[in-house]
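# Analysis of the macromolecular model
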Amino acid sequence: MSKRSSSRRDGAPDSSRRNFLKGATIAGAAALGTPAAANTAISGFPEQRRKAALPGPRLAAADASPPPADPVNQSSSGGDFMVDVLKTLDIDYLAMNCASSFRGLHEAVINHGDNKKPEIITCPHEEIAVHMGQGYAKIEGKPLAMICHGVVGLQHASMAMYNAWCDRVPVIVMGGNIMEADKRAPGAEWPHSAIDPAALTRDFVKWDDQPASLQHFAESALRAYKISTTPPMAPVMLSLDQELQENPIENRDRLRIPKFTPATAPQGDDAALAQLAKMLVAAENPVILCDRMARTPAGMPRLVELAETLQCAVIDNYGRMNFPSRHPLNQSFRRSILSQADLIVAMEVNDIWGSLSDFHDRIVRSSEPRYKKTAKIVALGTRGLYMKANYQDLGRYQDVDLDIAGDAEASLPVLIEQVKRGIDEGRKAVFEARGKKLAAAKLATVEQAKLDATIGWDASPITTARLCAELYSQIKDEDWSLVGTSIGLSWPHRLWNFTKPYQWNGLAGGGGVGYTLPASLGAALANKRHGRLTVAIGGDGDFMFVPSTLWTAAHHQIPLLYIVHNNRAYHQEYMYLQAMAARHGRGITNADIGTTLKDPFVDYATVAKGFGVYGEGPISDPNALAPALKRAIAMVKSGQPALLDVVMDQR
Amino acid sequence: MAMMRTSVKHLAVVAAIAGAFTLGNAVASRAEDAPAGDPVNGKRLYLADGCFECHGRAGQGGRFNYLTPALAQIALPVESFIAFLREAPNDMPSFSADVLSDKDAADIHAYLSSLPGRRDAKDIPPILNQ
């Protein structure tokens, strides 16, 4: 409860703008016509007008008293204190689209906080702000904050929050609100207020709160940050009362910012990890399957150490930068080896069943496991530690033989130690032989990928393989970071040599379209301070949801090379529709209706220029691609964003 | 359940045929028995009927719910290709003769056979740079 409302309950006169407006309304009504005329029109029984009563002693006294306090300046505000709290959390950026319900905090950030830690990132849409946070956190290893308008802003933000939820990424979401009904102005403040704003997103945030005091805010902000950044990570939501942000602070000395201590990641049970180590050492064909395993730069080297110790295969679902792409043990494009595995260890894999099953999208849907019946399956991860019921991102239930609840990255040191302890000379020789076979197979896979990439090399529309080969050819000697792709995990991960933790940051999580452009920009924002060359390949359909992201890129001068994979279609749906038409044996030439972006084609380079971003295209001639890439990369290296519109084949 | 078992068995059979696309281990094509294909009309159909959506305009392959095979320089004989189209496995749509005649399918096959396939990577500097 705010101080202002408390004083009202104590009987203090209300000096708010509401009473002012009420008075204005009455005055306006009076001006519309005379009361006598109105009464005549309504009633056929004219009444004798009563004489006005003479003022009594109380009313007379009120009229004689000084006017209620109506200060026009204040020297402190709740927003100032909120900024002080946010500064203790080392939050670098506050992404937002400005709105009245958080004008108090907004003003405090720029003037009390000097627009530093957090610095405002102006976004033309709340979905952009959250997705920027998702991409940023996966590169920088910590969340940024975003704030949105009451109700409608949160509704805009909600899909991106769902993507971040499914992707297990922390984002500190805040939203304005006016809790007390008697404080809301007529008009927009009512539809933009809610009793429980966070209810809209409660199914896909890890925690939420609506602080009722500034002390409450301080404690909830720290709690929110801790909950969001403790595995399994996820967005959190704080609803901030507008009065709380704006009102003067009566006694700043009584407010305390608590000490923040991050929680350690939950590690798997030692005995269970020892059991897993024994299984790994004894297995003839173990396969490690990983998805969102590497949380920090320590994750990848740990997994490499485990795999090399065992000389076992690793299949990466690429939810994070888990394992070097060219490592001899990386068998991600040889998933058929799952059928020969006698032990499969799934690390931070959200949908284990989906990874281990062949599913057939036919009239009668069917599936069969990719692994043999005798294979043992072990799950290691935090996925099961926090689940919700409604949205079904949990995937189908998978039988496992050992389920270790714990953060995989945090559990790896103990697991590695136990594995090393269990290896004798005999097993070492077996492992070495196994590793050599896997290395040879890997080499063949890479060479095959290069050969496959030559098909249609001179074709127009340009093949995705050529785009990826040409792009990598020009960036491979730079400190590059690929932060988005519209072409699945095929060409970049088959062709490029990913070795560093920031060279890849996963996908959307929930599959919500409109992720790639803003999340790439968020990742580029994180890379900017490290001087990395950020590149992304995004679909044209994805771009069309959030084109104004480019304005944010230009305004904040965030260097990013964004290549629009312009296949002039919502291509996945195009293929699905083709399958439906074929299934019905009709209209197989009609599948472009409702699935393609033509008549007119979109000129993405011109769109980019309109937002103040360097743009080139559409590029259809494959021989024009390399020079255009060179110019765009030079622009990005000078610190500016650049867009290339490349007319490409579908995938 | 019976339907499911039949379906899985059927898939196993057609999957074996599907392997012939990419492995190049098909039996020798009996060209003399095959319908004569028109690659020009085949190209038109390949684009109009949506084949390119999954397999690429250059027959380079692509990705649907999984990686889709390259079809340039198709190794599958035309009769097997037509049979494959009629009862395709996995997520590949099946095309009945009502929407794609044997002649049309043979034309598409001729077009795929005419497409240049893989090249020597040593002739392509960006590939060597990978």
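Being a predicted model, the structure only gives us computed values, none of them experimental.

## Notes on the overall build of chain B
Of the regular secondary structure elements, chain B holds six helices and two strands. Contacts spanning at least 24 positions in sequence make up 66% of the contacts within chain B whose residues lie at least 6 apart. When the accessible surface of chain B is split by element, carbon and sulfur atoms take 59% of a total near 6300 Å².

## Here we look at the interface of chain B and chain A
At the junction of the two partners, chain B supplies 44 residues and chain A supplies 49 residues. Between chain B and chain A lies a buried interface of about 3900 Å² when both sides are counted; carbon and sulfur atoms form 58% of it. On the chain B side of the contact with chain A, Glu53(B), Arg63(B) and Gln130(B) bury the most area, a combined 20% of that side's loss. On the surface where chain B and chain A come into contact, there are three salt bridges. Of the charged contacts, one joins Arg57(B) and Asp649(A) as a salt bridge, the two residues approaching to 2.6 Å between their closest N and O atoms. Applying the counting rule to chain B against chain A returns 14 residue pairs in polar contact (both at pLDDT 80 or more). Broken down by secondary-structure element, the contributors of at least two residues to the side of chain B that touches chain A are helix 1 (2-23), helix 3 (51-55), strand 1 (62-63) and helix 6 (125-128) of chain B. Taken together, the residues of the side of chain B that touches chain A sort by class into 22 nonpolar, 15 polar and seven charged.

## Section: the packing of helix 4 (residues 78-86) of chain B against helix 5 (residues 102-114) of chain B
Residues and elements named next belong to chain B. Put simply, helix 4 and helix 5 touch, their axes get as near as 10 Å, and they point 120° apart. Relative to helix 5, the element helix 4 lies oblique. Considering how the two elements wind past one another, helix 4 and helix 5 form a crossing that is right-handed. Packed against helix 4, whose contacting residues are Val-78, Phe-81, Ile-82, Leu-85 and Arg-86, the element helix 5 presents Asp-102, Ala-105, Ala-106, Ile-108, His-109 and Leu-112 at the interface. Tallied by class, residues from the contact of helix 4 with helix 5 come to eight nonpolar, one polar and two charged.

## Quick notes on helix 9 (residues 214-229) of chain A
Residues and elements named next belong to chain A. The first and last C-alpha atoms of helix 9 sit 23 Å apart over 16 residues, in line with the 22 Å expected at 1.5 Å per residue. Where helix 9 is concerned, the buried positions are Leu-214, Gln-215, Phe-217, Ala-218, Ser-220, Ala-221, Leu-222, Ala-224, Tyr-225 and Ser-228. Tucked inside the fold, the buried residues of helix 9 contact helix 5 (78-88), strand 4 (172-177), strand 5 (207-209), strand 6 (236-241) and helix 10 (242-246).

## Re the pattern of salt bridges
Residues and elements named next belong to chain A. According to the stated counting rule, one finds 38 salt bridges over all chains in the structure shown. For Asp-92, the salt bridge is made with Lys-142, and the minimal N-O distance between the two is 2.9 Å. Of the two residues, Asp-92 is situated in the loop between helix 5 and strand 1 (93-96) and Lys-142 in the loop between helix 7 (126-140) and strand 3 (145-148); the sequence distance between them amounts to 50 residues. The class for Asp-92 is buried, based on a relative accessible area of 5%. Here Arg-202 makes a salt bridge to Asp-196, at a shortest N to O gap of 2.8 Å. By relative accessible area, Arg-202 is classed as partly exposed at 29%. One network of salt bridges, in which partners are shared, links Asp-90, Asp-92, Lys-117, Glu-140, Lys-142 and Arg-529.

What counts, and where the lines are drawn
- Residues numbered from 1 in each chain as written.
- Chains lettered and ligands numbered in written order.
- Predicted model: local features only at pLDDT ≥ 70, side-chain atom pairs only at ≥ 80, totals over all residues.
- Heavy atoms only, no water.
- Helix = DSSP H or I, 4+ residues; strand = E, 2+ residues; numbered from the N terminus.
- Contact = heavy atoms within 4.5 Å.
- Areas by Shrake-Rupley, 256 points an atom, 1.4 Å probe, with all protein chains shown as cover.
- Buried area = accessible area lost by both parts, 1.4 Å probe.
- Salt bridge = Lys/Arg side-chain N within 4 Å of Asp/Glu carboxyl O.
- Polar contact = N/O pair within 3.5 Å; in protein donor to acceptor, adjacent residues only side chain to side chain.
- Nonpolar A, V, L, I, M, F, W, Y, C, P; charged D, E, K, R; others polar.
- Axes fitted to C-alpha atoms, helices over the stretch in contact; angles between N-to-C directions.
- Parallel < 35°, antiparallel > 145°, perpendicular 65-115°, else oblique.
- Left-handed = near helix turned anticlockwise from the far one by under 90°.
- Expected span 1.5 Å × (residues − 1).
- Buried < 20%, exposed > 50% of the residue type's maximum accessible area, 1.4 Å probe, protein only.

Taken by themselves, the reported measurements are silent on function.
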